[in-house]
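Structural overview
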Amino acid sequence: MRALINQSAIGLAILSMTAVLSQPVKAEVITGQSGNVRAEISFDKLEEYQYKNVRLQIIRAGTTVLDKKLPQESEYDRPVEVLTDDKKLPVLDLDGNKEPEVIADFFTGGAHCCTYSLIYRYDGKSKQYIQTRHEWGNNGYRLQDLDKDGLPEFDSQDDRFAYAFTSYAASGYPLQIWQYRQGKMIDVTRSYPKLIYSHAAEQWQTYMEARQQGDDGKGFLASYLADKYLLGQGQDGWQRVQQVYKKSDRTKFFADLRKFLRETGYIR
Ligand SMILES: [Ca+2]
Ligand SMILES: [Ca+2]
């Protein structure tokens, strides 16, 4: 019995040596800084898409306020920043209280899904960083100051529309814009009618192109109509959709679409 254990221990040792040889560990660090706040994500890169020991450190005014290992959903769960060119960790004041927040973005791996943000804000009372998690799904976001007030918005799309009426590739997504305010993500899309308007026009255009290529275009009609509801033009949107969509499943599609837009809060 003892010999058997030893043998299997040797076997394991050889196995793990092989594993080590085929998975060279490379320690990497991504950093970002704003004012007296510096953030750092460190991790071990195994094979091309595997990451371990992902650690976040936030140093504020010379003091390490946060230092912890971040949970990973799988070993493919990795900081999005490794995919960008400048590899900078976003540290910036998102809500205008003169205190920078830290955004750690992650990608869960797999064919499409998913990206999420861990946003950390400094709480002056507890002298700690408090985390907010926001899911982006397939689409991710861009930070852009859309209303030119000096604070960035999260420019994104509503991921609930993925696969809702069709395949992933043929899915369309309504515009979605978020602001971060003191630990909360607020959907402010309806305050940007010009952007919604051009987004809706884009969805309509994509629908026309999809139809020319033989697709029924249901995914883009759905995102178009959702955009129209955001503009307060739901009735007009329905008229157009009903004019162009003549396929045999139209009664069921329209009923499903209406139900979906109600469930997702577009029809109020
Ligand atoms: Ca802030
Ligand atoms: Ca802004």
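Residues numbered from 1 in each chain as written. Chains lettered and ligands numbered in written order. Predicted model: local features only at pLDDT ≥ 70, side-chain atom pairs only at ≥ 80, totals over all residues. Heavy atoms only, no water.

Identification of the protein chain as WD-40 repeat-containing protein from Dendronalium phyllosphericum CENA369 is taken from an unreviewed UniProt entry.

1. Topic: the coordination of the calcium ion (ligand 1)
Quick reminder of the rule: Coordinating donors are taken to be N, O and S atoms lying within 2.8 Å of the metal, or within 3.2 Å when the metal is Na, K or Ca; because water is excluded from the atom set, some sites may appear incomplete. Think of it this way: with four donors and all angles in the 85 to 135 degree range, the site is tetrahedral; with four or six donors, opposite ones beyond 155 degrees and the rest between 65 and 115, it is square planar or octahedral; otherwise it is irregular. Burial classes: relative accessible area under 20% of the type maximum marks a residue as buried, over 50% as exposed, and values in between as partly exposed (1.4 Å probe, protein chains only).
Donor atoms from the polypeptide that coordinate the calcium ion (ligand 1) comprise D93 (OD), D95 (OD), N97 (OD1), E99 (O), E101 (OE) and E101 (OE), at 2.2 to 2.6 Å from the metal. Angles of 53 to 177° at the metal separate the six donor atoms of the calcium ion (ligand 1), which places the site in the irregular class. When the donors of the calcium ion (ligand 1) are listed by position in the chain, the intervening gaps give D-x1-D-x1-N-x1-E-x1-E. Taking the relative accessible area as the measure of exposure, N97 reaches 38% and is therefore partly exposed. Exposure remark for E101: the relative accessible area of 1% places this residue in the buried category.

2. Quick notes on the packing of aromatic side chains
Each aromatic ring pair is described using two quantities: the centre-to-centre distance and the angle formed by the ring planes. Rules: Centre distance within 6.5 Å is the pairing criterion for rings of Phe, Tyr and Trp, where only the six-membered ring of Trp is used; planes under 30 degrees apart are then read as stacked, over 60 as edge-to-face, and the remainder as tilted. Here a helix means four or more residues in a row that DSSP labels H or I, a strand means two or more in a row labelled E, and each is numbered from the N terminus.
One pass over the structure, following the stated rule, counts 17 aromatic pairs. Considering the side-chain rings of W136 and F154, the 5.6 Å spacing of their centres and the 25° angle between planes classify their relative orientation as stacked. One end of the pair, W136, is in strand β9 (residues 128-137); the other, F154, is in strand β11 (residues 153-157), and 18 residues separate them in sequence. The interplanar angle of 80° and the centroid separation of 4.9 Å between the aromatic rings of F161 and F260 together place this pair among those described as edge-to-face. Of the two residues, F161 is situated in the loop between β11 and β12 (175-181) and F260 in helix α5 (residues 250-263); the sequence distance between them amounts to 99 residues.

3. Quick notes on the coordination of the calcium ion (ligand 2)
Protein ligation of the calcium ion (ligand 2) involves D145 (OD), D147 (OD), D149 (OD), L151 (O), E153 (OE) and E153 (OE), the donor distances falling in the range 2.2 to 2.5 Å. Viewed at the metal, the six donor atoms of the calcium ion (ligand 2) are separated by angles of 53 to 173°, and the geometry they form is irregular. In primary-sequence terms, the residues that donate to the calcium ion (ligand 2) follow D-x1-D-x1-D-x1-L-x1-E. The exposure class assigned to D149 is partly exposed, which follows from its relative accessible area of 41%. Since its relative accessible area comes to 14%, L151 is described here as buried.

4. Notes on the pairing of strand β13 (residues 184-187)
Let me state the cut-off plainly: Note on pairing: DSSP must find at least two bridges between two strands before they are called paired.
By the bridge criterion, four bridges tie β12 to β13 in an arrangement that is antiparallel. Across the sheet, R181 pairs through a bridge with K184, a residue of β13. Taking the residues that link successive antiparallel strands as the turn, the β12-β13 hairpin has two residues, and the phi of Q182 there is positive, at about 45°.

5. Quick look at helix α2 (residues 193-212)
Here is the rule we go by: Here, expected helix span is obtained from the residue count minus one, scaled by 1.5 Å. Of all possible arcs, the one meant is that of the directions from the helix axis to the C-beta atoms. By definition, residues are in contact when any of their heavy atoms lie within 4.5 Å.
End to end, α2 covers 29 Å across 20 residues, agreeing with the expected 28 Å (1.5 Å per residue, within 8%). Regarding α2, the residues found buried are I196, H199, A200, Q203, W204, Y207 and A210. One face of α2 carries all of its buried residues, which in axial projection span an arc of 145°. Pointing more than 90 degrees away from the buried face of α2 are the exposed residues K194, Y197 and Q212. The inward-facing, buried residues of α2 contact β11, β12, α3 (218-230) and α4 (234-244). Remark: G214 follows α2 within two positions and exhibits a positive phi of approximately 95°.

6. Some remarks on the nonpolar core
Counted only if it meets this: In plain words, nonpolar cores are sets of buried Ala, Val, Leu, Ile, Met, Phe, Trp, Tyr and Cys residues tied together by side-chain atoms within 4.5 Å.
By size, the foremost hydrophobic cluster in this structure holds 32 residues, and its most contacted members are F161, L221, L257 and L261. Among the elements of the structure, β12, α2, α3, α4 and α5 are those that each provide at least two residues to this core. Of all the elements, α3 adds the most residues to this core, at eight residues. Once residues lying within four places of it in the same chain are set aside, the contact partners of L221 are W204, Y207, V241, V244, Y245 and F253. V37, A39, I41 and Y129 belong to the second largest nonpolar core, which has 21 residues in total.

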